[in-house]
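Here's the letter readout for the chains.
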Amino acid sequence: MIAFIVPLVFFTIAFVVPVFSILISGISKIPEILGDSYYRKVLGFTYYQALLSAFFAVVCSLPAAFFLYRYDFRGSSLLKAFATVPFVVPPIIAVLGFVNFFGNAGYINKFLISLFNLEAPPLRLLYSFKAIIVVHVFYNLPVSMKIILDRLEKTPINLYQTSLTLGANRFKSFFRIIVPFILPSLISAFVIIFLYCFLSFAVIYVLSGGPRFSVIEIEVFNFIKNSMDYSSAAALSLCGMVLCFATAGILLVIRNRLRFKFQESKVIEKKKAGEIFKKPHLLAFFVLYLLFYLFVSVAPILSVIVQSFLDKDGGFTLLWFKQIFASSMFSSLSSSFLVASLVSVITSIISLVYSYYALRNGRLKSWLSLFFMMPLFISPFLVAGGYLLFGSSVDLGNPFFLLILAHCVTAFPISFKFISNGIFSYNKNLTLASYSLGRNSFFTFLRVELPYILPAIFSQMVFAFAVSAGELSAALIFASNSNQTVPVQISRLLSSYRIELACALGSVLIFICFGVFLIIEILNKNGKIAEGS
């Protein structure tokens, strides 16, 4: 029972009490916020950019999802696996890649200036609304593709083939059978991306270029960090949460009503990718789409790595990495590594305890899932601001400790999802067999249950590590000259136009994320990660 209560107390102190303390303080300020035309504009722009970003991300992901669903080719599994990248590549890296590739002094403008002998960069995307949308789209496009593809692979293909047999053409059969079946997944992808873009901070923090494109998270950050006006921060967040949840709730209700009770079919005879060469118009479309996909989603990340190994004249160098490891910036790597390691261990222990109890008591699963999903819908700035507000009367510790708490809260939803899915796919008959042989609960857990769910625990730990290592919001609140994380350092290097050093630091994060990604893929190929994790 102690193992159940202690983590509950920890989560209550780390999340529930601070967040509700600051939210309650903001209720009285809501009329003042809504009465200010500037904050109404901020609310409207936040909502508008989130809608537009989600729409374009879903639309741009459709061709890739349909191509992977219909055609079989070498590298398709790698392309599907790429959908995991946004979960482990921090948003600040997406921003850094965009600046380095599409910026005024980026690769694209350098190429165009050289090609056409221009005096000024022709492509000016930085500090514009277009920049915000493009980064949101390329960062979320793989997520949308994965959600839609998972649904397509369960399409009732037998109904589609029956429709063709009865005389309907492919176009009519597609819109009568396939589209209604995948429509709920389109809405699901839209809602997930909308929620992320609504709470987006790093992208707009770097690319907004001032108050013209300010969003809720930027203003909440300013209230907490600069003004220490916690009630106004909470009031603005509450207004945004109502707007956000109302939209998401309506869309999810529509999605549930659109669900068709078709017999799902997981088997489809895929065509060889070589057949696409027999259709020139289709080949041209997918070549152009592939170039777009590589240009928008892959090239910016690769450009960060390339730039980190180039000197001012374009020659190979390790100078930027030497400067990192020989300066105070190395301490940011140490801080990020230490914080992320502690977060991965703490979240794995708490998630394991509650997932295990949920396994023993199935009624707990839905309640615990809802409880631990709450941080997904709460701004990290509210969590950090809650610590500062609540800590004014109760000493919660130094900023380093508070940063660990805030990152634990951010990583809890992913941690609980990984481990609970791994545990709930476990065969309970193995436990019963162990008991029937006279083994006690401790032995059964240690020798029977734990080995089965250990890969899921390990996967959770590396993902929680990556989430913590790339988190910027809470790190900005608790950062000091002697206590900075890698994302904070990158944002400050970008603001001072030290792109090469920012790329070198970003490359270190990318290498860490790639290592995490590679480990999980190897475990997946070996069939060691529990299904559903």
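Look up: the structure comes first, before these words.
Just so it is clear, the structure is predicted and the values come from calculations on it, not from any experiment.

Novice: Explain the overall build of the protein to me, using residue names and the numbers behind them.
Specialist: Counting its regular elements, the protein contains 24 helices and two strands. For the protein, the residues scored as buried account for 50% of the 533 residues in total. Across the protein, contacts joining residues at least 24 apart in sequence account for 80% of those joining residues at least 6 apart. Looking at the protein as shown, the accessible area adds up to about 25200 Å², and 68% of this sits on carbon and sulfur atoms.

Novice: Help me get a handle on the side chain of Ser336, residues and values and all.
Specialist: Turning to its location among the elements, Ser336 is positioned in helix H16 (residues 329-360). Within the structure, the side chain of Ser336 is placed 2.8 Å from the backbone nitrogen of Val486, a separation counted as a polar contact. Beyond its immediate sequence surroundings of up to four residues, Ser336 is in contact with Thr485, Val486 and Pro487.

Novice: Quick rundown of the packing of aromatic side chains? Include the residues and the values.
Specialist: Summed over the entire model, instances satisfying the criterion amount to 32 aromatic pairs. An angle of 80° between the planes, with centres 5.4 Å apart, marks the rings of Phe102 and Phe295 as edge-to-face. Here Phe102, found in helix H6 (residues 91-102), pairs with Phe295, found in helix H14 (residues 280-308); they are 193 residues apart in sequence, far enough to count as distant. Given the relative accessible area of 36%, Phe295 is considered partly exposed. An angle of 80° between the planes, with centres 5.8 Å apart, marks the rings of Tyr205 and Phe221 as edge-to-face. Separated by 16 residues along the polypeptide, Tyr205 in helix H11 (residues 202-207) and Phe221 in helix H12 (residues 216-227) bring together distant segments of the chain. We classify Phe221 as buried; its relative accessible area is 8%. Through pairs of rings, three or more aromatic residues link up here, namely Phe98, Phe101, Phe102, Tyr107 and Phe295.

Novice: Lay out unusual backbone geometry with the relevant residues and their values.
Specialist: Keep in mind that most residues, glycine aside, have a negative phi and that most peptide bonds are trans. Backbone geometry at Met228 places phi at a positive 55°, although glycine is not the residue there. Structurally, Met228 is set in the loop between H12 and helix H13 (230-258). Positioned with a positive phi, Tyr497 is a non-glycine residue whose angle comes to about 60°. Taking relative accessible area as the criterion, Tyr497 reaches 61% and is therefore assigned exposed.

Novice: Can you explain the nonpolar core? Please cite residues and give values.
Specialist: Side chains that are nonpolar tend, in soluble globular proteins, to be buried together. By size, the foremost hydrophobic cluster in this structure holds 141 residues, and its most contacted members are Leu207, Tyr387 and Ile490. Those residues in contact with Ile490, other than ones at most four positions away along the chain, are Ile92, Ile93, Leu96, Ala502, Leu505, Gly506 and Leu509. Ile423, Leu450, Ile453 and Ile457 belong to the second-largest nonpolar core, a separate cluster that totals eight residues.

Novice: Any chance you could break down empty space enclosed by the protein for me, citing the residues and the numbers?
Specialist: Applying the stated criterion across every chain, the model contains three cavities of 30 Å³ or more. Roughly 100 Å³ of volume is contained in the largest cavity. Along the walls of the largest cavity sit 13 residues, with Phe198, Leu199, Ser237, Gly240 and Met241 positioned nearest its centre. Of all elements in the fold, only helix H10 (170-198), H12 and H13 reach the threshold of two or more residues within the lining of the largest cavity. In terms of residue count, H13 provides more of the lining of the largest cavity than any other element does, five residues in total. Along the lines of polarity and charge, the residues of the lining of the largest cavity split into nine nonpolar, three polar and one charged.

Novice: Can you explain the packing of H12 against H13? Please cite residues and give values.
Specialist: It is the contact of H12 with H13, at a shortest axis distance of 8 Å, that shows an interaxial angle of 165°. As far as their axial angle goes, H13 and H12 are roughly antiparallel. The hand of the H12/H13 crossing is left-handed. Taken together, the residues of H13 that come into contact with H12 (itself represented by Ile216, Glu219, Val220, Phe223 and Ile224) are Tyr230, Ser232, Ala233, Leu236, Ser237 and Gly240. Residue classes in the contact of H12 with H13 are distributed as seven nonpolar, three polar and one charged.

Novice: Lay out the environment of Phe66 with the relevant residues and their values.
Specialist: Secondary-structure assignment places Phe66 in helix H3 (residues 37-70). Given a relative accessible area of 22%, Phe66 falls into the partly exposed group. Each C-alpha atom, one on Phe66 and one on Leu152, is 7.7 Å from the other, the two residues being 86 residues apart in sequence. With residues up to four places along the chain from it excluded, the contact list for Phe66 reads Leu152, Phe174, Ile178 and Ile182.

Novice: How would you explain a nonpolar patch on the surface if you had to name every residue and give the values?
Specialist: Taken together, the side chains of Phe111, Leu115, Phe116 and Leu118 present a nonpolar region at the surface, about 420 Å² in accessible area. Within the secondary structure, Phe111 sits in helix H7 (residues 107-116). For Phe111, a relative accessible area of 52% puts it in the exposed group.

Novice: Residues and numbers for H12, please.
Specialist: Compared with the 16 Å implied by 1.5 Å per residue over twelve residues, the 15 Å span of H12 between its first and last C-alpha is a close match. If you check which residues of H12 are buried, you get Ile216, Glu217, Ile218, Glu219, Val220, Phe221, Phe223 and Ile224. Just past H12, the residue Met228 takes up positive phi, approximately 55°.

Novice: So what about the pattern of salt bridges? Which residues, and what values?
Specialist: Within this structure, the stated rule accounts for three salt bridges. Measuring nitrogen to oxygen at the nearest pair gives 2.9 Å for the salt bridge that ties Lys146 to Asp150. On the criterion of helical spacing, the pair formed by Lys146 and Asp150 is a turn pair, its members being four residues apart in helix H8 (residues 129-152). On the basis of relative accessible area, Asp150 is assigned to the partly exposed category, the value being 31%. For Lys312, the salt bridge is made with Glu500, and the minimal N-O distance between the two is 3.4 Å. With Lys312 in the loop between H14 and helix H15 (319-325) and Glu500 in helix H24 (residues 499-525), this residue pair connects regions lying 188 residues apart in the sequence. Relative accessible area serves as the criterion here: at 14%, Glu500 is assigned to the buried category.

Rules behind the numbers
- Residues numbered from 1 in each chain as written.
- Predicted model: local features only at pLDDT ≥ 70, side-chain atom pairs only at ≥ 80, totals over all residues.
- Heavy atoms only, no water.
- Helix = DSSP H or I, 4+ residues; strand = E, 2+ residues; numbered from the N terminus.
- Buried < 20%, exposed > 50% of the residue type's maximum accessible area, 1.4 Å probe, protein only.
- Contact = heavy atoms within 4.5 Å.
- Areas by Shrake-Rupley, 256 points an atom, 1.4 Å probe, with all protein chains shown as cover.
- Polar contact = N/O pair within 3.5 Å; in protein donor to acceptor, adjacent residues only side chain to side chain.
- Phe/Tyr/Trp six-rings, centres within 6.5 Å; stacked < 30°, edge-to-face > 60°.
- Core = buried A, V, L, I, M, F, W, Y, C linked by side-chain atoms within 4.5 Å.
- 1 Å grid on protein atoms, 1.4 Å probe; cavity = no way out; pocket = protein on both sides within 12 Å on 5 of 7 lines; lining within 4 Å.
- Points joined across faces, edges and corners; volume = space filled by probe spheres on them.
- Nonpolar A, V, L, I, M, F, W, Y, C, P; charged D, E, K, R; others polar.
- Axes fitted to C-alpha atoms, helices over the stretch in contact; angles between N-to-C directions.
- Parallel < 35°, antiparallel > 145°, perpendicular 65-115°, else oblique.
- Left-handed = near helix turned anticlockwise from the far one by under 90°.
- Patch = residues over 30% accessible without salt bridge, like charges linked within 9 Å, V, L, I, M, F, W, Y side chains within 5 Å.
- Salt bridge = Lys/Arg side-chain N within 4 Å of Asp/Glu carboxyl O.
- Expected span 1.5 Å × (residues − 1).

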